[in-house]
Amino acid sequence: MKTKIGLEIHLELKTKSKMFCSCKNDYNQEDDANTNICPICLGYPGTLPSVNRKAIEYAIMLSQALNCNINSSIQFYRKNYYYPDLPKGYQISQYKLGSVGYNGYLYTELYGGKKIAIDRVSLEEDTARSIQMENEVLLDFNRAGIPLIEIVTKPDMESSKEAVKFLENLRLTVQYLKISDANMEKGHMRVDINVSVENNERVEIKNVNSIREVENALEYEINYQIEEIKKGRRIKRTTKMWDDYLKITREMRRKESEEDYRYFPEPDIPSIDISEYRFLVKTPFDVYNELISLNVNREYAEIIVRDMRLCNYFYEFLENSGDAVVGSNLLVNILKSFDTLPSVREFAKLSFFMKENKIPPHIARQKLLEMKENLNVDEILKNIEVISESEIENIVKSLIERYPEKFFEYKSGKQGLIGFFIGEAKKINSKIDPKAFREVFEKISQNINLL
Amino acid sequence: MKTILQILELYRKKETTPYEIVSEYIKVIEEKEEIYNAFINIYKEEALDRAIELSKYSVDEFELYGIPIAIKDNIAVESMELTCGSRILLGFKSPYSATAVKRLLNQGAIIIGKTNLDEFGMGCSTEFSYFGPTKNAIDHSFVAGGSSGGSAVAVKLGEVPASLGSDTGGSIRQPSAFNGVVGLKPTYGRVSRYGLVAFASSLDQIGPIALNVKDLALIYRVISGYDPKDSTSVNIEVEKIEDIFINKRYKVGIPRDIITEDVEKEIKDGFEYAISKLVDIGHIVEDIKLEYWKYALSVYHIISSSEASSNLLRYDGIRYGYRGSSDNLWDLYIKTRSEGFGEEVKRRILIGTFCLSYGYYDEYYIKASKVRRLIKEEFMKAFKKVDVIITPTVPVFPWKLGEKLDDPIKMYLADVYTVLANLVGIPSISVPVKISKNGFPISIQIMGNYFREKDILDLAHQVEFNETS
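Residues numbered from 1 in each chain as written. Chains lettered and ligands numbered in written order. Predicted model: local features only at pLDDT ≥ 70, side-chain atom pairs only at ≥ 80, totals over all residues. Heavy atoms only, no water.

Trainee: Can you walk me through the overall build of chain A in this structure?
Mentor: Counting its secondary structure elements, chain A contains 15 helices and 16 strands. In terms of overall dimensions, chain A is more spread out than a globule: its C-alpha atoms have a radius of gyration of 30 Å, far above the 22 Å expected for 451 residues. Dimensions of chain A, computed from the C-alpha atoms along their principal axes, are close to 100 × 55 × 45 Å. In chain A, which comprises 451 residues, the proportion classed as buried is 52%. (Helix = DSSP H or I, 4+ residues; strand = E, 2+ residues; numbered from the N terminus. Rg over C-alpha atoms; globule rule 2.2 N^0.38 Å. Buried < 20%, exposed > 50% of the residue type's maximum accessible area, 1.4 Å probe, protein only.)

Spelled out as structure tokens, the structure:
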């Protein structure tokens, strides 16, 4: 059955201070509860919000990265409701018109994939963290007022897999922009899901806290809806919670789900002209295309782009004149598994000598696995007796003379005999590079005509 | 009764000290408070301590050296209670001071107490206070006006030489008119609202109340100016005193259609008297036409109540103030707010919540915002022709305490002229021009163009009727 999925993602930004006051933004929750608070983020009588410009810049950067149109001026709105974690009784948020970005898109793959339309990108403030104890609720206002970006997609995804791919690309994008760590365990990225099956009413699933749980919640809910439809039951429009302990979706109380938020323009913050603000942003898609243009193979490029550690290392490597093709290969196949990566300069140097055929690939691989983060290219070079092409030629010629019948068999089509010649060559000089030997052997053999 | 300028002169001549001055005013407060109830809290010891502290400095170092000032109790002063005239904030002490208060303190002023008001500024008689009504300074069986009734009465009684009020729809100007003092609502954005407990954020403005216009200008200057803590405050330089009182001749607009038959006869006459006085002085008087003023009061109530319904959501009993007793969250909210708020506040919260509700938002809030824009445009057009626009401050005289409590609509009508300046965002001053037969003063409101406080102060100074001027 046809499924339509739309997502609403909330991202905690890693600005220095909060959205509307100068309190520290403790997004990694390092400090004691209720230490980064002030009369403004506690909603004390008489206080007013002052907008964090950095948060606006981040929202513009993300809007650019998500290919959005950007409004020339933005307006904040109040979203009114009661909850103990909401100090002012309203959340300063944005509302359809006046959001930072609108009508954008993001692909589900780095290359090709499905284009998912982004409805809007807007700014708001986080609420306090509430911790449910046995008989009481504890509130930590360190989180109250942390800048959030809300990203709303169109219902363009058709499976849980697509939703996961979209979210992975979105997370990667914000990490590339360095606007959020998007660490889902720390609650930097929280997702609300809207899902409908066969054009039935849509069901909202609130506050899903990891990409894996998004997948689980969607699979559970889609299956549930399909079963209901098969039984001839009607799907009603409702709001559910994902219970990540029981792995089920559960309907919320009516009161919480059918609130009228009474949005109206925030009178304490005049609209802000952002038409002059644009940034140079580099998305994972840009980086991927850049790697492809450097002849890195697609598979390697994707692995590098999706791993920020590798990607940062690789760019530093390129800046040190490393060879992209040689480097990407070793990075993905060998270095990726290292806990600590070797010095970028050494690795670039290694790629240089490999490119120049001064260090044969099999030696390079072997030495990398031995030396790991202590890679020392001079050390490798010292132990490599570089055998010149003319020397190899001499060895080839002597072997052909020594084993004419084997050479005859080789020439007659028994290509596998090259291994025999390589083995014999190694007896003459153990440091001979099989690849170089093979090239010279084939060249010479082509020039010898059998009578 | 001393003016600020007179007190400063006494300090300069070393004929008195801040300690003596504060003691004098405290004596008046102690005499009058029992009858008039202008204050919610008096900070006698703190004021005397500060007076002693100030004696280390000289009068010429500060613009308001040793001047006792009362602050309306919806403006935050660090470590003083901030009740807003409401039970819901009973016992709440502010951990910080409003920017306007900081500016006063930086210029040597002494905060002597917090004045009574209609709960959260909602009302025009200062009868809607949890701490009981403030009585009119001229006749204590009459209402003080409001919502800054305490601030106006305290000045008129000589309990302080000046005070701060707040004005959302006339809350400074109307009680100033009812008590025969002068009050200024500055341009929206001129004085930081940081620390003013919000009633209607797009209309609220802090302003001074004083015995005469020159004193008013002194306070106005000190509290004005850009504040990064208030995003709606505006960075336009504040005039120097010597540039304000220049005795200029102005083009004065008279919107005659506004003076309907509902206006009390003697107030009409007083207004005509003011016009003739202006003409006598040499100002040019010109009739102007305003069409949309008829809708101003409705627009004002929709917008102010809508904003108030949101601004007052934070009083939920969770973090501070009064908390109803219940072990269930929703019930706790209901009890806290039902028991904590007074009737008038609840009425406005209900109206405002309704106006913002799904399905009614466009019909009420959006429509009111559009009409507000029309009113603004009309005023802007008028200001192309004239420098200032005058009306009576209030169409009625003070009424007997309790007289209009059961008829809120009738009470709201007292604001019909003052709400205009709040909706448009322009500065407006109320200044008495004569005393009526019933002993109450008759005041006019002078509205100026944006950030042209100097025009209305200068003109008000030229027409004010005042024992001290």
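Trainee: Is there a simple way to think about a positive patch on the surface in this case?
Mentor: All names here are of chain B. A surface patch of positive charge is lined by K251, K381, K384 and K385. The greatest single-element share of the positive patch, amounting to three residues, is contributed by helix α13 (residues 362-385). As for its position among the elements, K381 is in helix α13. (Patch = residues over 30% accessible without salt bridge, like charges linked within 9 Å, V, L, I, M, F, W, Y side chains within 5 Å. Areas by Shrake-Rupley, 256 points an atom, 1.4 Å probe, with all protein chains shown as cover. Salt bridge = Lys/Arg side-chain N within 4 Å of Asp/Glu carboxyl O. Lys, Arg positive; Asp, Glu negative; His and termini not counted. Charge placed at Lys NZ, Arg CZ, Asp CG, Glu CD.)

Trainee: Got a minute to help me understand the interface of chain A and chain B in this structure?
Mentor: Many analyses report the size of an interface as the accessible area lost when the parts associate. The partner chain B presents 38 residues to the 35 residues of chain A that form the contact. When the two sides are added together, the surface that chain A and chain B hide from each other amounts to roughly 3100 Å², 60% of it contributed by carbon and sulfur. On the chain A side of the contact with chain B, P45(A), Y82(A) and R262(A) bury the most area, a combined 24% of that side's loss. Scanning the region where chain A abuts chain B turns up one salt bridge. The interface formed by chain A and chain B holds 19 residue pairs in polar contact (both at pLDDT 80 or more) in total. Elements that contribute at least two residues to the side of chain A that touches chain B include exactly β4 (77-80) and β15 (264-265) of chain A. (Contact = heavy atoms within 4.5 Å. Buried area = accessible area lost by both parts, 1.4 Å probe. Polar contact = N/O pair within 3.5 Å; in protein donor to acceptor, adjacent residues only side chain to side chain.)

Trainee: Would you mind going over the packing of aromatic side chains with me for this structure?
Mentor: Each aromatic ring pair is characterised by the separation of its centres together with the angle its planes make. Taken as a whole and assessed by the stated rule, the structure comprises 43 aromatic pairs over all chains. Between Y315(B) and F341(B), the ring centres sit 6.4 Å apart and the planes meet at 90°, which makes this aromatic pair edge-to-face. Here F341(B) lies in the loop between α11 (329-340) and α12 (343-356) and Y315(B) lies in the loop between α10 (296-311) and α11, a separation of 26 residues in the sequence. A relative accessible area of 3% means that Y315(B) is categorised as buried. Linked through ring pairs, Y403(A), F407(A), Y410(A), F420(A), F421(A), F437(A) and F441(A) together constitute an aromatic cluster. Over the aromatic face of Y261(A) sits the side chain of K79(A), whose NZ or CZ is 4.4 Å from the ring centroid. (Phe/Tyr/Trp six-rings, centres within 6.5 Å; stacked < 30°, edge-to-face > 60°. Lys NZ or Arg CZ within 6 Å of the ring centre and 35° of its normal.)

Trainee: Teacher, can you tell me more about the confidence of the model for chain B here?
Mentor: A low pLDDT means the predicted coordinates there should not be read in detail. When pLDDT is averaged across chain B, the result is 96; 99% of the residues are at 70 or more. For this predicted complex, the interface score ipTM comes out at 0.96, alongside a pTM of 0.90. (pLDDT = per-residue confidence, 0-100.)

Trainee: Help me understand helix α7 (residues 308-319) of chain A, please; the structure alone is not making it clear to me.
Mentor: An α-helix turns once per 3.6 residues; consequently, residues spaced three or four apart project the same way. Residue and element names in this part refer to chain A. Between its first and last C-alpha atoms α7 spans 16 Å; for twelve residues at 1.5 Å apiece the expected length is 16 Å, and the two agree. Among all positions in α7, only M308, L310, C311, Y313, F314, Y315 and F317 are buried. On the buried face of α7, the contacting elements are α2 (160-177), α5 (284-293), α6 (298-305), α8 (324-333) and α9 (344-355). Note on α7: the residue one or two positions beyond its end, S321, has a positive phi of about 60°. (Expected span 1.5 Å × (residues − 1).)

Trainee: Is there a simple way to think about the sheet that holds strand β4 (residues 162-166) of chain B in this case?
Mentor: Strand pairing in a sheet relies on backbone hydrogen bonds, with the paired strands running either antiparallel or parallel. All names here are of chain B. Taken in spatial order, the eleven strands make up an open sheet running β1-β3-β2-β4-β6-β5-β10-β11-β9-β7-β8, and their pairing is mixed. The sheet is open, and its two edges are formed by β1 (39-42) and β8 (284-287), each paired on a single side. Pairwise comparison of adjacent strand axes, ignoring direction, gives a mean angle of 30° for this sheet. For β4 and strand β6 (residues 206-210), the ladder comprises five bridges, and the chain directions are antiparallel. (Pairing = 2+ DSSP bridges. Axes fitted to C-alpha atoms, helices over the stretch in contact; angles between N-to-C directions.)

Trainee: Just to check I follow, could you spell out the packing of helix α2 (residues 18-36) of chain B against helix α3 (residues 44-54) of chain B for this structure?
Mentor: All names here are of chain B. Across the interface, α2 lies against α3 with an axial gap of 8 Å and an inter-helix angle of 160°. With respect to each other, α2 and α3 are oriented roughly antiparallel. Classified by chirality, the crossing of α3 by α2 is right-handed. Here P18, Y19, V22, S23, I26 and E30 of α2 come into contact with α3, specifically with K44, A47, L48, A51, I52 and L54. Among the residues making up the contact of α2 with α3, the classes are represented as nine nonpolar, one polar and two charged. (Parallel < 35°, antiparallel > 145°, perpendicular 65-115°, else oblique. Left-handed = near helix turned anticlockwise from the far one by under 90°. Nonpolar A, V, L, I, M, F, W, Y, C, P; charged D, E, K, R; others polar.)

Trainee: Before we go on, may I ask you to explain α6(A) in this structure?
Mentor: All names here are of chain A. For α6, every residue scored as buried is listed here: Y300, A301, I304 and V305. End-on, the buried residues of α6 take up no more than an arc of 130°, which puts them together on one face. N-capping of α6 is provided by N297, with a side-chain oxygen placed 2.8 Å from the backbone N of E299. (Arc of directions from axis to C-beta.)

Trainee: Looking at this structure, I do not really get the side chain of E33(B). What am I missing?
Mentor: Residue and element names in this part refer to chain B. Among the structural elements, E33 can be located in helix α2. For E33, the side chain forms a polar contact with the main-chain nitrogen of F39, separated by 2.9 Å. Apart from residues no more than four positions distant in its own chain, E33 is found in contact with A38, F39, I42 and E159.

Trainee: I'm lost on empty space enclosed by the protein in this one. Help?
Mentor: Rolled over the atoms, a probe with the dimensions of a water molecule shows which regions are left empty. All names here are of chain A. Under the definition given, this model contains six cavities of 30 Å³ or more. In this structure, the largest cavity encloses a volume near 170 Å³. Residue lining of the largest cavity: 21 residues in total, with F20, I40, C41, K88 and E125 positioned closest to the centre. Its residues assigned to classes, the lining of the largest cavity shows eleven nonpolar, four polar and six charged. The calculated volume of the second largest cavity comes to roughly 80 Å³. (1 Å grid on protein atoms, 1.4 Å probe; cavity = no way out; pocket = protein on both sides within 12 Å on 5 of 7 lines; lining within 4 Å. Points joined across faces, edges and corners; volume = space filled by probe spheres on them.)

Trainee: What is the right way to look at the state of the cysteines in this model?
Mentor: A covalent bond bridging the sulfur atoms of two cysteines is what the word disulfide describes. Tallied over the full model, the rule gives zero disulfides over all chains. C38(A) provides the cysteine sulfur closest to C23(A), a residue in no disulfide bond, and the two sulfurs are 3.6 Å apart. Note on C84(B): no disulfide assigned, nearest cysteine sulfur contributed by C124(B) at a separation of 18 Å. (Disulfide = S-S within 2.5 Å.)

Trainee: Help me understand the nonpolar core, please; the structure alone is not making it clear to me.
Mentor: The tendency in soluble globular proteins is for nonpolar side chains to be buried as a group. Among the nonpolar cores identified, the biggest contains 159 residues, and L64(B), L104(B), F120(B), F379(B) and I446(B) are the most heavily contacted of them. Broken down by element, this core gets its largest block of residues, eight residues, from helix α7 (residues 213-223) of chain B. When neighbours within four sequence positions are excluded, L64(B) is seen to be in contact with I4(B), I69(B), L104(B), Q107(B), G108(B), A109(B), L218(B), I219(B) and V222(B). Within the second largest apolar cluster, 102 residues are counted, among which are A65(A), C68(A), L110(A) and V164(A). (Core = buried A, V, L, I, M, F, W, Y, C linked by side-chain atoms within 4.5 Å.)

Trainee: Would you mind showing me how to read the pairing of strand β11 (residues 441-448) of chain B here?
Mentor: For a regular strand, side chains alternate in direction, first toward one face of the sheet and then toward the other. All names here are of chain B. Of all eight residues in β11, eight are buried; the element is thus mostly enclosed. The side-chain alternation of β11 yields two buried faces, one formed by P441, S443, Q445 and M447 and the other by I442, I444, I446 and G448. Bridge count between strand β9 (residues 388-392) and β11: five bridges; the pairing is antiparallel. What sits directly across from I389, in β11, is M447. Bridge analysis of strand β10 (residues 428-435) against β11 gives seven bridges, and the strand direction is antiparallel. Note that in β11 the partner of K434 across the bridge is I442. Between β10 and the antiparallel strand that follows it, β11, lie five residues; G439 among them carries a positive phi value of about 90°.

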